[in-house]
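# Summary of structural features
Next come the chains, spelled out residue by residue.
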Amino acid sequence: MNAQNPPPPQGNPKPQPQPQPQQKAEPDKPQGAESGGAPEPEKSDLIGGSAADPLGEEALPGAAAAASRIYRSTVSQHGTGTLISSGSVGTMNFFGRQTTERLLAGPLPADELRRLRRVFQEPADYDDYREQLSGGRLLVLYGQPGTGRAYTALSLLDDLTRGQVSRLDPRTDLDDLDDQQIDDGHGYALEPSATGLPDETGLDRLCELLRTKEAFAVLLATPEPGDVLSRGGRYYRAHTPAAQTSVLEGHLAVELEDQAPELYERARATALDPDVLEARGLDELRPAEAALFATLLAQHTRDELTHDGLLDKCREFAENQAAEWFAGGVRSETPERLRDAAYRIAVAVLEGASLSSVAEAAEVLAWELAVTVDPEATPGRPLFSDGVDARLVSARAVAELGTEEVVGSEEVPVRTVRFGGEALAPAVLGHLWQHRHNARGPVLRWLAGLSEDTRPQVWVRAAVAAGQLCRLDLSHTVHELVQPMAQAEQARRRLFAATVLDVALRSPEVGTAVRALVTSWARHGDEQRRWTAGAVLGRGRATDTVRESLDLLGGIGVWDEGRLRADASVQVAHFAGAHPEAQTLRRIRAWLSDERRPQQDLGLQSTVYLAAVPVTDLWNQHEDLEGYGDWPLMLALAAVRPALAPELAGLLWTALQTPRSYEAAVETLTDWLRGSADQPWAGALERFLPFLVHSHDDRNRLLGLIKELTEDPDQPLNEQQVRRLWGAVQGASTR
């Protein structure tokens with residue numbers, strides 16, 4: 001028959017499955033099983049094809065698929081290098097960053113004044129600051145600590161007073177200041193502590209006092225989120241930090257001024273070394289950090305600090321920032337400070353999520369923290385006194401334009417948020433878990449609450465963060481969070497627990513203990529814990545060998561007469577995507593050939609899901625499958641492992657020949673044929689179909705299915721598609 005232009009077969013045959021001598025048509029049956037002419041099995045015995053989504057009952061379709069994609073992107077974004085290890089958090093500076101010099105009260109010493117003049121780099125708005133201070137006598141610079149506000153203030157005063165610069169005690173009450181405390185022609189810098197800044201009237205009084213004495217003052221302030229009054233005040237100016245590069249180069253020039261010029265160039269090159277940048281873990285250094293970085297580079301260039309020592313010191317930048325953020329003190333547990341802490345923790349946990357998701361999660365955590373500090377409190381939320389932009393600045397976070405999956409794989413544009421450096425998120429989580437024990441309770445309750453969020457971009461990221469916390473204290477985190485989740489009735493909570501454990505498996509410190517836990521649940525757990533263990537095993541990292549994982553998945557699938565058969569089979573398919581090896585397919589064939597009915601059904605169900613699951617849904621794709629997108633997993637495996645194509649087709653052929661899996665297998669095959677038009681895997685399907693033809697009946701079944709889809713009044717196959725598929729099947733040889 002002409003394969004290029006074959007006529008369709010007569011009628012629309014739906015041949016019954018027929019056994020062939022080359023392969024077993026149906027898995028072996030135990031003694032007394034039904035014969036080929038026996039009635040169809042009960043509906044409960046049928047192999048299903050539509051239960052591959054463990055979150056199928058979620059409000060949005062494709063929830064599990066979206067979750068797996070977010071998981072891969074989140075873990076890939078962080079990478080194993082930035083995940084917390086128990087040795088990554090050392091001694092912390094609980095009283096602020098080491099990069100910030102403490103500004104003492106009194107006249108500025110001459111040597112410090114000389115150094116200031118040599119290293120200070122003017123920020124972009126410096127001339128405007130000087131003009132306002134010169135004409136108005138008083139300037140309030142507001143900005144975040146560590147951004148160079150203090151040295152900008154001192155430099156401005158030095159310019160206008162020719163070195164007559166003093167610093168006031170932070171405890172100074174400006175409302176009580178009189179002319180006896182101000183010297184003629186002097187400049188004063190002050191960052192009030194507990195007393196705060198005076199109101200507008202108080203600033204007017206101070207300005208007049210300074211004018212009388214022909215003196216100047218620069219006050220420093222840290223803006224509260226949503227503080228709009230200071231932005232419009234007559235005395236206030238936002239402080240813009242000097243560029244990181246100019247500050248670094250200025251300090252390097254001073255540090256190495258007595259050295260050969262090539263040492264300066266070597267230090268600049270070291271600053272751009274990829275290993276140094278990765279260890280530093282911050283996108284941009286604040287001026288105080290840049291000054292310290294210059295000192296470290298100079299020490300390294302002069303052979304006073306080894307390369308490894310330099311990397312260790314660079315890692316302290318993010319750790320010190322986290323320590324400063326959560327340092328104790330009189331005001332550290334006020335509602336305002338707790339809200340700051342909550343936002344930074346929320347960014348650390350949900351980094352990469354939408355700005356609105358992070359903001360809402362932060363408010364929930366702020367409530368948890370507040371009621372932990374004061375159980376009798378009934379904390380509320382500020383409405384107009386809290387601003388997103390100020391929150392981002394105070395958390396060293398940036399908002400970017402990104403996308404978010406809403407329904408299935410459909411994406412919409414959103415503003416996403418992340419820290420300005422990969423090292424900050426693990427530093428925040430590590431500091432909390434290592435040094436702030438009382439914060440664990442509210443944070444764990446908050447993480448448990450995030451598991452209830454139906455949006456994968458929230459609960460998956462929360463699970464990944466919890467997995468990192470497991471690496472710091474496995475026993476506590478598993479007992480307080482993972483174990484209750486693993487025993488939950490809701491599938492999403494169990495999937496949350498599985499994700500936590502899968503992330504923890506990457507840690508050499510606790511990986512062995514997590515493997516033992518998963519193995520114990522798989523062998524001896526109740527239904528929920530076996531389900532959770534299966535979800536971990538499916539990602540391909542829970543055991544040392546492929547055989548051990550398949551043994552455990554097989555045990556879960558046949559436990560209690562196959563109660564978890566469908567759930568285990570989905571994980572077998574995911575495991576095959578993580579380990580595309582012949583050993584996985586041989587195990588499925590062994591289940592099909594087993595005389596026991598539960599094992600047979602597990603093999604049939606695994607085959608159907610192996611054909612139905614798309615590559616993009618895999619939680620842990622093998623690197624060879626990257627770029628295969630929405631390809632059906634079975635076709636993708638045949639493409640990356642051509643030698644396995646006959647074995648893969650043999651599994652699907654067996655499912656097509658077995659009455660209780662026939663409908664599910666045909667449904668999956670129909671989805672392939674209908675969905676292949678204009679897909680990159682259309683050619684792979686045409687090459688795969690001949691492997692399903694072992695007899696004339698096999699050919700007629702496939703041709704009949706193609707003809708039926710061609711005549712579908714709602715979704716007919718296009719003519720070119722029919723011609724190619726028909727030719728592929730018609731040209732297949734029978735053996």
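Residues numbered from 1 in each chain as written. Predicted model: local features only at pLDDT ≥ 70, side-chain atom pairs only at ≥ 80, totals over all residues. Heavy atoms only, no water.

In this section: the overall build of the protein chain. Secondary structure summary: the protein chain contains 31 helices and 8 strands in total. Counting the 735 residues in the protein chain, one finds 55% classified as buried. In the protein chain, once contacts between residues fewer than 6 apart in sequence are set aside, the share between residues at least 24 apart is 74%. Carbon and sulfur atoms form 48% of the exposed surface of the protein chain, whose accessible area is close to 32400 Å². (Helix = DSSP H or I, 4+ residues; strand = E, 2+ residues; numbered from the N terminus. Buried < 20%, exposed > 50% of the residue type's maximum accessible area, 1.4 Å probe, protein only. Contact = heavy atoms within 4.5 Å. Areas by Shrake-Rupley, 256 points an atom, 1.4 Å probe, with all protein chains shown as cover.)

What follows deals with the nonpolar core. Counting residues in each nonpolar core, the largest one holds 177 residues, and the members touching the most others are Val349, Trp446, Leu447, Leu610 and Phe688. If you tally residues by element for this core, the top one is helix H17 (residues 456-472), at 11 residues. Setting aside residues up to four positions removed in sequence, Leu610 forms contacts with Ala573, Ala576, Leu585, Ile588, Leu633, Met634, Leu637, Leu648 and Leu651. (Core = buried A, V, L, I, M, F, W, Y, C linked by side-chain atoms within 4.5 Å.)

Another aspect to go through is the pairing of strand E5 (residues 216-221). Here E5 lies mainly inside the structure; 6 of its 6 residues are buried. Of the two faces of E5, the one holding Phe216, Val218 and Leu220 and the one holding Ala217, Leu219 and Ala221 are both buried throughout. Pairing analysis gives 5 bridges linking strand E2 (residues 138-142) to E5, with the strands arranged parallel. Considered in E5, the bridge of Tyr142 is made with Ala221. Of the strand pairs in this sheet, strand E4 (residues 187-190) and E5 are connected by 4 bridges, and their pairing is parallel. Within the sheet, the bridge partner assigned to Ala189 lies in E5 and is Val218. (Pairing = 2+ DSSP bridges.)

Moving on to the confidence of the model for the protein chain. On average, residues of the protein chain score 86 in pLDDT, and 85% of them reach the 70 mark or higher. The low-confidence segment residues 28-44 (pLDDT under 50) makes 17 contacts with residues lying over four places distant or belonging to another chain. (pLDDT = per-residue confidence, 0-100.)

Let us now look at the environment of Val613. Here Val613 shows up in the loop between helix H25 (597-612) and helix H26 (633-640). On the basis of relative accessible area, Val613 is assigned to the buried category, the value being 5%. In this structure, the C-alpha to C-alpha distance between Val613 and Thr668, residues 55 residues apart in sequence, is 9.6 Å.

Going through the model one piece at a time under the given rule, you end up with 42 salt bridges. One salt bridge connects Asp159 with Arg130, and the closest N-O pair in it is separated by 3.0 Å. Placement of the pair is Asp159 in helix H4 (residues 149-161) and Arg130 in helix H3 (residues 126-136), with a sequence separation of 29 residues. Note that Glu200 is salt-bridged to Arg234, the shortest N-O span being 3.4 Å. Placement of the pair is Glu200 in helix H5 (residues 200-212) and Arg234 in the loop between helix H6 (229-232) and strand E6 (236-238), with a sequence separation of 34 residues. A network of salt bridges, in which partner residues are shared, links Arg565, Arg597, Asp601 and Arg660. (Salt bridge = Lys/Arg side-chain N within 4 Å of Asp/Glu carboxyl O.)

The end-to-end C-alpha distance of helix H20 (residues 511-524), which contains 14 residues, comes to 20 Å, matching closely the 20 Å that a straight helix rising 1.5 Å per residue would cover. Three or more residues of H20 are buried, namely Gly511, Val514, Val518, Thr519, Trp521 and Ala522. Buried residues of H20, viewed axially, fall in a sector of 165°; they line one side. What points out from H20, more than 90 degrees from its buried face, is the exposed set Thr512 and His524. If you follow the buried residues of H20, they end up packed against helix H18 (474-486), helix H19 (491-504), helix H21 (527-537) and helix H22 (546-558). (Expected span 1.5 Å × (residues − 1). Arc of directions from axis to C-beta.)

Now for the packing of aromatic side chains. A complete count under the given rule lists 8 aromatic pairs for this structure. Between the aromatic rings of Trp325 and Phe419, the centroid separation amounts to 5.9 Å while the plane-to-plane angle is 25°, which identifies the pairing as stacked. One end of the pair, Trp325, is in helix H11 (residues 307-325); the other, Phe419, is in strand E8 (residues 411-419), with 94 residues separating them in the sequence. Across this residue pair, the class does not change: Trp325 and Phe419 are buried. (Phe/Tyr/Trp six-rings, centres within 6.5 Å; stacked < 30°, edge-to-face > 60°.)

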